[in-house]
Amino acid sequence: DVKVTQSSRYLVKRTGEKVFLECVQDMDHENMFWYRQDPGLGLRLIYFSYDVKMKEKGDIPEGYSVSREKKERFSLILESASTNQTSMYLCASSLTTLVQPQHFGDGTRLSIL
Amino acid sequence: QQQVKQSPQSLIVQKGGISIINCAYENTAFDYFPWYQQFPGKGPALLIAIRPDVSEKKEGRFTISFNKSAKQFSLHIMDSQPGDSATYFCAASMGNTDKLIFGTGTRLQVFP
């Protein structure tokens, strides 16, 4: 079974802090994705990566950056956290061959105070 | 043009009934339409998917109906069970990208 692990289940940070969310997958998937999930808005793509050191902006990249130094690890960085970044963050991974299902982690619920 | 519109936002169904969730899209370049199921405290998981060359796909109690001319697709859950209570997301993508556009989600509650 594919396993996507997000490092924290719950995280509380203060406004202005630099926040790191970590995600690791164990199936050698090329693609990795970061989404945020908000009630009534569904899943919105923040950033994705097709390969190591490669990244592309999703639909809502403002205020975020990412890092992919190793194939299995994809980090989301909030450069200066703000209260409107309080949300559930979901990481996913998939193979590149044709269209493959995305496998999601269980999410990190981030609160910015 | 990139949006996928999903309705209803929430749905309450009696055990044994049929649950129907609808999605609509504008971009005719979309060629892959999956449905994801999310239980509380868990990430979404692929439930069933369809390509536009077929009008219907069935897997057990779950069926996707696809209407290419109307640019609509729907998920039907037959004989709904309390264990089906979850949030359901439709999505769409184009063949040359692995990027999914998700609908806003439907919270389904099935009561015994």
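Relevant structure appears above.
## Some thoughts on a nonpolar patch on the surface
Residue and element names in this part refer to chain B.
Then step 1. Together, Ile-18, Ile-20 and Met-78 give the surface a local cluster of nonpolar side chains, amounting to about 240 Å² of exposed area.
Then step 2. Counting through the fold element by element, Met-78 comes out in the loop between β8 (72–77) and β9 (86–92).
Then step 3. On the accessibility criterion, Met-78 (34% relative accessible area) is partly exposed.

## Looking at unusual backbone geometry
Then step 1. Backbone torsion omega between Ser7(B) and Pro8(B) reads -5°, so that peptide bond is classified as cis.
Then step 2. Mapped onto the fold, Pro8(B) is located in the loop between β1 (4–7) and β2 (10–14).
Then step 3. A positive phi angle, near 65°, is found at Lys53(A), a position not held by glycine.
Then step 4. Structurally, Lys53(A) is set in the loop between β5 (42–49) and β6 (56–57).
Then step 5. Note on Lys53(A): relative accessible area 61%, which makes it exposed.
Then step 6. Residue Asp79(B) is not a glycine yet carries a positive backbone phi of 45°.
Then step 7. The topology assignment puts Asp79(B) in the loop between β8 and β9.

## Looking at the sheet that holds β8(B)
Residues and elements named next belong to chain B.
Then step 1. As summarised here, the arrangement of the five strands in space is β1-β3-β8-β7-β6, forming an open sheet in which the pairing is antiparallel. Of all the strands in the sheet, the pair left with one neighbour each is β1 and β6 (56–59). The average undirected angle you get between the axes of adjacent strands in this sheet is 15°.
Then step 2. As paired elements, strand β7 (residues 62–67) and β8 share six bridges and run antiparallel to each other. Considered in β8, the bridge of Phe-62 is made with Ile-77.

## Here we look at the interface of chain A and chain B
How big an interface is tends to be stated in terms of the accessible area lost upon association of its parts.
Then step 1. Taken residue by residue, the interface counts 24 residues in chain A and 21 residues in chain B.
Then step 2. Taking both partners together, chain A and chain B bury about 1,700 Å²; carbon and sulfur atoms supply 53% of that area.
Then step 3. Here chain A and chain B share two salt bridges between them.
Then step 4. In this structure, the salt-bridge partner of Lys42(B) is Asp106(A), at a minimum N-O distance of 3.7 Å.
Then step 5. Where chain A packs against chain B, one counts five residue pairs in polar contact (both at pLDDT 80 or more).
Then step 6. For the side of chain A that touches chain B, the secondary structure elements donating two or more residues are β4 (31–38) and β5 of chain A.
Then step 7. Looking at the side of chain A that touches chain B residue by residue, the class counts come to 13 nonpolar, eight polar and three charged.

## Things to note about the layout of surface pockets
Then step 1. Taken as a whole, the largest pocket encloses approximately 660 Å³ of empty space.
Then step 2. Along the walls of the largest pocket sit 28 residues, with Gln37(A), Arg109(A), Gln38(B), Thr87(B) and Phe89(B) positioned nearest its centre.
Then step 3. Secondary-structure elements contributing two or more residues to the lining of the largest pocket are β4 and β9 (87–94) of chain A together with β9 and β11 (106–111) of chain B.
Then step 4. A per-element tally of the lining of the largest pocket places β11(B) first, with four residues.
Then step 5. When its residues are assigned to classes, the lining of the largest pocket shows nine nonpolar, 13 polar and six charged.

Rules behind the numbers
- Residues numbered from 1 in each chain as written.
- Chains lettered and ligands numbered in written order.
- Predicted model: local features only at pLDDT ≥ 70, side-chain atom pairs only at ≥ 80, totals over all residues.
- Heavy atoms only, no water.
- Patch = residues over 30% accessible without salt bridge, like charges linked within 9 Å, V, L, I, M, F, W, Y side chains within 5 Å.
- Areas by Shrake-Rupley, 256 points an atom, 1.4 Å probe, with all protein chains shown as cover.
- Salt bridge = Lys/Arg side-chain N within 4 Å of Asp/Glu carboxyl O.
- Helix = DSSP H or I, 4+ residues; strand = E, 2+ residues; numbered from the N terminus.
- Buried < 20%, exposed > 50% of the residue type's maximum accessible area, 1.4 Å probe, protein only.
- Pairing = 2+ DSSP bridges.
- Axes fitted to C-alpha atoms, helices over the stretch in contact; angles between N-to-C directions.
- Contact = heavy atoms within 4.5 Å.
- Buried area = accessible area lost by both parts, 1.4 Å probe.
- Polar contact = N/O pair within 3.5 Å; in protein donor to acceptor, adjacent residues only side chain to side chain.
- Nonpolar A, V, L, I, M, F, W, Y, C, P; charged D, E, K, R; others polar.
- 1 Å grid on protein atoms, 1.4 Å probe; cavity = no way out; pocket = protein on both sides within 12 Å on 5 of 7 lines; lining within 4 Å.
- Points joined across faces, edges and corners; volume = space filled by probe spheres on them.

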